[in-house]
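Chain residues, written in single-letter form:
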Amino acid sequence: MVETVRYTYRLRPGRRAEAALLAEWGRCRWLWNEAVHQQKTGRKPTLGKLSKMLTEARGRNAWLRSGSQVAQQQTLRTYGAALDSSFKVKGRGRPKRKRLKDALPSLEYTTRGFSIKNSRLCLPDKVTVPVVWSRELPSDPTSVRVYQDNLGHWHASFVVRRETPETPNADLPGIGVDWGVTTTATTTDPAFDLPHLGHRRRCAAELAKSQRRMARRRRPKGHAPSKGYLTAKRQTARIAKKAARQNTHDARVWAKNITDHHALIAVEDFKPKFLAKSRMARKAADAAIGACKRELINRGTRAGRRVVLVPPAYTTMTCSGCGERANLRLGLGVRIFKCAACGYTANRDLNAARTILATAERDRASADDVRHSIASLRDGGSDAVRAGNPPDSSEGSR
């Protein structure tokens, strides 16, 4: 089978090439804001109407006509996709205006608008940009996205097709994953746990110092920012991105290790958004649970593993030994789970991970069926072994 993926590379544009890219971004940003205005005034612009308006605008304005029609048309297509998703995806708002001081440049080109010659990316208006080829492209790209990050670095993201990895072995075991803050990911096998590494916490002092430098160099409203302020702003962004990249790297290494050794991956469908309003907001952000979860799901799906999302309801309160549910909810200060029915004792996160795995193995990933699916394992020896076969109360807690 063949899958469609993105390969991203660093760009090294010269002064003239960067000026041309920023000028093109200014035209595309104007088109995006005009499409947002059409939607807010109740004209309900479709892609056909927007394309017709683009043709008329290019005929009237030489400034707009001097840009690439491919990039401008792709901007309208991106807006249409964002508007369509705002009606279908829960919690996603309507597209907003892109302000010059907030929005980062992003341009998209199809095969009609770019080519690769002599290891350089060739764009319209004779713009050529050197590419840092860190790896070879598996196939000819069908489109490319040229964008700039908050550090001022330019990147090119190519859409290519490549062969998918082989299907998983049937004899590989399954694993359950429970998310937390003290330990980012607790699994049924402690060898695959993801500890809380605290990269942002280590950068906190340096980040605070850089932010104070920004505050001292900030000019009053209405004045252009000074060179020293822009330098301090880039330094602050560099420190923050360093911690984010470390979290991303750790998540990728951990997800690859999980995917390579397990055929079934049962993941707690935990949404950490509510933690942003709690006293654990800073530590939860440092753990990057959402990024780890996305990386594990994407990598497992692409590798052909069976990934099951289990609702988190009652997973902590349910005993993985007998399937009995506790009468009272366990507070966050209670780190040891003890079953009143069978006396089974274990770490609360480990018990939840085993509950999640048992639910996924029974193909009954519903919060109301957690207790019953685990209770059915008491009479099934082979299933109990695959679920982890938790020890009895005489072994104590782990």
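Criteria and thresholds
- Residues numbered from 1 in each chain as written.
- Predicted model: local features only at pLDDT ≥ 70, side-chain atom pairs only at ≥ 80, totals over all residues.
- Heavy atoms only, no water.
- Helix = DSSP H or I, 4+ residues; strand = E, 2+ residues; numbered from the N terminus.
- Buried < 20%, exposed > 50% of the residue type's maximum accessible area, 1.4 Å probe, protein only.
- Contact = heavy atoms within 4.5 Å.
- Expected span 1.5 Å × (residues − 1).
- Polar contact = N/O pair within 3.5 Å; in protein donor to acceptor, adjacent residues only side chain to side chain.
- Pairing = 2+ DSSP bridges.
- Axes fitted to C-alpha atoms, helices over the stretch in contact; angles between N-to-C directions.
- Salt bridge = Lys/Arg side-chain N within 4 Å of Asp/Glu carboxyl O.
- Phe/Tyr/Trp six-rings, centres within 6.5 Å; stacked < 30°, edge-to-face > 60°.
- Lys NZ or Arg CZ within 6 Å of the ring centre and 35° of its normal.
- pLDDT = per-residue confidence, 0-100.
- Patch = residues over 30% accessible without salt bridge, like charges linked within 9 Å, V, L, I, M, F, W, Y side chains within 5 Å.
- Areas by Shrake-Rupley, 256 points an atom, 1.4 Å probe, with all protein chains shown as cover.
- Lys, Arg positive; Asp, Glu negative; His and termini not counted.
- Charge placed at Lys NZ, Arg CZ, Asp CG, Glu CD.

Student: So, the environment of Leu207: which residues are in play, and what are the values?
Tutor: In this fold, Leu207 is placed in helix α6 (residues 204-217). The class for Leu207 is partly exposed, based on a relative accessible area of 22%. As for Leu207 and Ala240, which are separated by 33 residues in sequence, their C-alpha atoms are 7.1 Å apart. Ignoring anything within four residues of it in the chain, the contact list for Leu207 reads Thr236, Ile239 and Ala240.

Student: How would you explain helix α4 (residues 69-88) if you had to name every residue and give the values?
Tutor: Here α4 spans 29 Å end to end across 20 residues, near enough to the 28 Å set by a 1.5 Å rise per residue. Restricting attention to buried positions, one finds in α4 the residues Val70, Ala71, Gln72, Gln73, Gln74, Thr75, Leu76, Tyr79, Leu83 and Ser86. Contact partners of the buried residues in α4: α1 (15-40), α2 (47-60), α3 (62-65) and β2 (106-110). Taking the backbone nitrogen of Val70 as reference, a side-chain oxygen 3.4 Å away marks Ser68 as the first, capping residue of α4.

Student: Lay out the pairing of strand β4 (residues 120-123) in plain terms, naming residues and giving numbers.
Tutor: Sheet topology places strand β3 (residues 115-117) next to β4; three bridges connect them, and they run antiparallel. Residue pairing in the sheet places Ile116 in a bridge with Leu121 of β4. Where β3 folds back on β4, the antiparallel hairpin that results is connected by two residues, among which Asn118 adopts a positive phi of roughly 55°. With four bridges joining them, β4 and strand β5 (residues 127-132) adopt antiparallel strand pairing. Bridged to Leu123 within β5 is Val127.

Student: Help me get a handle on unusual backbone geometry, residues and values and all.
Tutor: The backbone of Lys126 shows a phi angle near 60°, a positive value even though the residue is not glycine. Lys126 sits in the exposed class, given a relative accessible area of 83%. Despite not being glycine, Tyr314 shows a phi value in the positive range, around 70°. Structurally, the position occupied by Tyr314 is in the loop between β11 (306-310) and β12 (336-338).

Student: Which residues make up the sheet that holds β4, and what values go with them?
Tutor: Within the open sheet, the seven strands sit side by side as β2-β6-β7-β1-β5-β4-β3. Their pairing is antiparallel. Bordering the open sheet on either side are β2 and β3, each of which pairs with just one other strand. Averaged over all neighbouring strand pairs, the angle between strand axes comes to 35°, with direction disregarded. One ladder, built from six bridges, connects strand β6 (residues 143-148) with strand β7 (residues 154-163); its direction is antiparallel.

Student: Give me the pattern of salt bridges: which residues, what numbers.
Tutor: Under the defined criterion, the tally for this structure stands at eleven salt bridges. For Glu24, the salt bridge goes to Arg27, with nearest N and O atoms at 3.5 Å. Linking Glu24 with Arg27, this pair stays in helix α1, spanning three residues, or about one helical turn. Assigned by exposure class, Glu24 and Arg27 land together as buried. Here Glu295 makes a salt bridge to Arg299, at a shortest N to O gap of 3.2 Å. Of the two residues, Glu295 and Arg299 both sit in helix α9 (residues 289-302), four residues apart, roughly one turn of that helix. Overall, Glu295 belongs to the buried group, its relative accessible area being 18%. Salt bridges linked by common partners bring Glu3, Arg162 and Arg302 together as one network.

Student: So what's going on with the packing of aromatic side chains? Which residues, and what values?
Tutor: One pass over the full model with this rule turns up seven aromatic pairs. Between Trp32 and Tyr79, the ring centres sit 5.3 Å apart and the planes meet at 85°, which makes this aromatic pair edge-to-face. With Trp32 in helix α1 and Tyr79 in helix α4, the pair connects residues that are 47 residues apart, well separated along the chain. On the accessibility criterion, Tyr79 (1% relative accessible area) is buried. With a centroid separation of 5.9 Å and an interplanar angle of 25°, the aromatic rings of Trp133 and Phe158 are classed as stacked. Separated by 25 residues along the polypeptide, Trp133 in the loop between β5 and β6 and Phe158 in strand β7 bring together distant segments of the chain. When the ring centre of Phe87 is taken as reference, the NZ or CZ atom of Arg94 above it lies at 3.9 Å. The ring of Trp32 is capped by Lys98, whose NZ or CZ atom sits 4.0 Å from the centre of that ring.

Student: Mind laying out the confidence of the model for the protein, listing which residues take part and the relevant values?
Tutor: For the protein, per-residue confidence averages 83 on the pLDDT scale, and residues scoring 70 or more make up 89% of the total. Of all helices and strands in the protein, the one with the weakest mean pLDDT is helix α12 (residues 381-386) (37), whereas β6 scores best (96).

Student: Give me the lowdown on a positive patch on the surface, citing residues and values where you can.
Tutor: Together, Lys209, Arg212, Arg216 and Arg217 give the surface a local cluster of positive charge. Following the sequence through the fold, Arg212 ends up in helix α6.

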